[in-house]
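# Topology and contacts: notes
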Amino acid sequence: VLLTGYPAAQKHLDYAALDLQVIAPGSVVFKGQQQKVIGDPLRDLSLLLPTLLSGIGTFRDKLKILKLNSELKSTQISAIFKKSETSTLIYLRNYGFSEGIIQEFFRPFFSGIFLESQLETSSRMFEFVYKMFGEGHAAIPREGMEAIPRQIYDGLVRSTFLFHSPVKSIQEGSIYLEDGRKLTTDYTLIATDPSQFTPDQKPTNWKSCDTLYFKSKKRAIRQKLIGLIAEEGSLINNLFYPTCLGQSQPHQEELLCVTALDSQGLQEDDLVQKVKHELE
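Bear in mind the structure is a predicted one, so any value in this text is a computation, not a measurement.

Think of a sheet as strands paired side by side through backbone hydrogen bonds, with each pair either parallel or antiparallel. Strand order across the open sheet formed by 3 strands is S1-S5-S2, with antiparallel pairing between neighbours. For this open sheet the edge positions go to strand S1 (2-3) and strand S2 (20-23), each flanked by a neighbour on one side alone. The sheet contact formed by S2 and strand S5 (residues 138-141) spans 4 bridges and is antiparallel. Bridging from a neighbouring strand, Val-22 pairs with Ala-139 of S5.

With that settled, the discussion passes to the nonpolar core. Phe-97, Phe-106, Phe-110 and Phe-126 are the most contacted members of the largest nonpolar core, which has 34 residues in total. Residue assignment for this core shows that the elements contributing at least two residues are helix H4 (59-73), helix H6 (88-95), helix H7 (99-114), helix H8 (123-135) and S5. If one sorts the elements of this core by residue count, H7 sits on top with 7 residues. If we skip the residues at most four places from it in the chain, Phe-97 touches Asp-61, Lys-64, Ile-65, Leu-68, Leu-92, Ile-102 and Phe-106. Among the nonpolar cores identified, the runner-up in size contains 20 residues, and Val-28, Phe-30, Tyr-241 and Leu-256 belong to it.

This brings us to the packing of H6 against H8. For the pair H6 and H8, the least separation of the axes is 8 Å and the interaxial angle reads 70°. Considering their axes alone, H6 and H8 lie roughly perpendicular with respect to each other. Across from Thr-88, Tyr-91 and Leu-92 in H6, the residues of H8 making contact are Ser-123, Phe-126 and Glu-127. Of the residues belonging to the contact of H6 with H8, the class tally is 3 nonpolar, 2 polar and 1 charged.

The predicted model of the protein chain averages 92 in pLDDT, with 99% of residues at 70 or higher. Across the protein chain, element-level confidence peaks in H6 with a mean pLDDT of 98 and bottoms out in helix H3 (residues 48-52) with 82.

Viewed as axis vectors pointing N to C, H6 and H7 meet at an angle of 150°, and their least axial separation amounts to 11 Å. If you check the angle between H6 and H7, you find them roughly antiparallel. Here H6 and H7 pass one another in a crossing that is right-handed. In this structure, H6 uses Thr-88, Leu-89, Leu-92 and Arg-93 to contact H7, whose residues at the interface are Glu-99, Ile-102, Phe-106, Arg-107 and Phe-114. When grouped by side-chain class, the residues that make up the contact of H6 with H7 number 5 nonpolar, 1 polar and 3 charged.

The next point concerns a negative patch on the surface. A cluster of like negative charges, contributed by Asp-210, Glu-268, Asp-269 and Asp-270, occupies part of the molecular surface. Top contributing element to the negative patch by residue count: helix H10 (residues 268-279), with 3 residues. Along the chain, Asp-210 falls in strand S9 (residues 210-216).

The next subject is H4. The first and last C-alpha atoms of H4 sit 22 Å apart over 15 residues, in line with the 21 Å expected at 1.5 Å per residue. Here H4 has its buried residues at Asp-61, Lys-62, Lys-64, Ile-65, Leu-68, Asn-69 and Leu-72. End-on view of H4: buried residues confined to an arc of 155°, all on one side of the axis. Along H4, the residues that are exposed and aim more than 90 degrees away from the buried face are Phe-59 and Arg-60. On the buried face of H4, the contacting elements are H3, helix H5 (77-80), H6, H7 and H8.

This part takes up the side chain of Thr-121. Relative to the helices and strands, Thr-121 resides in the loop between H7 and H8. Contact partners of Thr-121, with chain neighbours within four places excluded, come to Thr-86, Ser-87, Thr-88, Phe-114, Glu-116 and Lys-207.

Looking now at the environment of Ile-236. With respect to the helices, strands and loops of the structure, Ile-236 is situated in strand S11 (residues 236-240). Taking the relative accessible area as the measure of exposure, Ile-236 reaches 3% and is therefore buried. Sequence-distant contacts of Ile-236, that is, excluding residues within four places in its chain, are made with Ile-229, Val-258, Thr-259, Val-275, Glu-278 and Leu-279.

Let us now look at the sheet that holds strand S4 (residues 34-39). Ordered by their spatial adjacency, 6 strands build an open sheet running S4-S3-S10-S11-S12-S9, and the pairing between neighbours is mixed. The open sheet has two free edges, formed respectively by S4 and S9, since each of these has just one partner strand. Going from strand to strand, the sheet's axes swing by 25° on average, the running direction of each strand aside. Against the sheet, H10 makes contact with S9, S11 and strand S12 (254-260), and its axis sits at roughly 60° relative to S9, the strand it touches most.

Moving on: the pairing of S12. For S12, the buried fraction is high: 6 of the 7 residues fall into the buried class. Note that S11 and S12 share 4 bridges and pair antiparallel. Following the sheet pairing, Asn-238 is matched in S12 by Thr-259.

How each quantity is defined
Residues numbered from 1 in each chain as written. Predicted model: local features only at pLDDT ≥ 70, side-chain atom pairs only at ≥ 80, totals over all residues. Heavy atoms only, no water. Pairing = 2+ DSSP bridges. Helix = DSSP H or I, 4+ residues; strand = E, 2+ residues; numbered from the N terminus. Core = buried A, V, L, I, M, F, W, Y, C linked by side-chain atoms within 4.5 Å. Buried < 20%, exposed > 50% of the residue type's maximum accessible area, 1.4 Å probe, protein only. Contact = heavy atoms within 4.5 Å. Axes fitted to C-alpha atoms, helices over the stretch in contact; angles between N-to-C directions. Parallel < 35°, antiparallel > 145°, perpendicular 65-115°, else oblique. Nonpolar A, V, L, I, M, F, W, Y, C, P; charged D, E, K, R; others polar. pLDDT = per-residue confidence, 0-100. Left-handed = near helix turned anticlockwise from the far one by under 90°. Patch = residues over 30% accessible without salt bridge, like charges linked within 9 Å, V, L, I, M, F, W, Y side chains within 5 Å. Areas by Shrake-Rupley, 256 points an atom, 1.4 Å probe, with all protein chains shown as cover. Salt bridge = Lys/Arg side-chain N within 4 Å of Asp/Glu carboxyl O. Lys, Arg positive; Asp, Glu negative; His and termini not counted. Charge placed at Lys NZ, Arg CZ, Asp CG, Glu CD. Expected span 1.5 Å × (residues − 1). Arc of directions from axis to C-beta.

Below, the structure written as structure tokens:
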């Protein structure tokens, strides 16, 4: 999804042309055989009663969420990244949130953003992302996420792209291609693991996830909400039906998007089968 609050996105993207389809500011939490809705009633009043009756967290937790929203709205982004930092988990505990709401909401929600389930990510990044969720919407372009790079590409007038041009090595001011060509540069941005080109660079340990797509006859979530799995040991972290949003093409079946943060060493066929089992 795109968070519309991102300052760089606001500067460089034409939101109207993307025809953004907004996701409701909340989540459906699956625990056991129950669905529990928790959301931001200040932006969607229909979420007020379900959130109060969800049983996720205490009433004090919900007041603290409102307090945190207010504090971060009045905090500049630059100020957030100058704060002393700790892990997101320690930050939430120090703020006074109960273990219940941490385990049932914050952990599954932010694990899906940070791509790690222990909430070890910096508290600065937590505050930044939380602020962005509070100041904008999570949205998807009507034509899908690829519409974003397409729009940027279409707006470039002095740029050249070299496709199918593998790089052999990189030196200061020069890029050597495998076909023998040499490109002279003022600056080089390496948008991949730089250790394959610069031997002194340590390999980067990337965080990743597996996302699987299924066809479904019906939706288990009727609202425009993401589904979170709060069960400990679950392979699935979150699920979403993109077809709940406006589509450029009519559809006969629902599209179900499922994200697993840790494949638990399973090969693809076994991963798919276990995900299907958990979905059922």
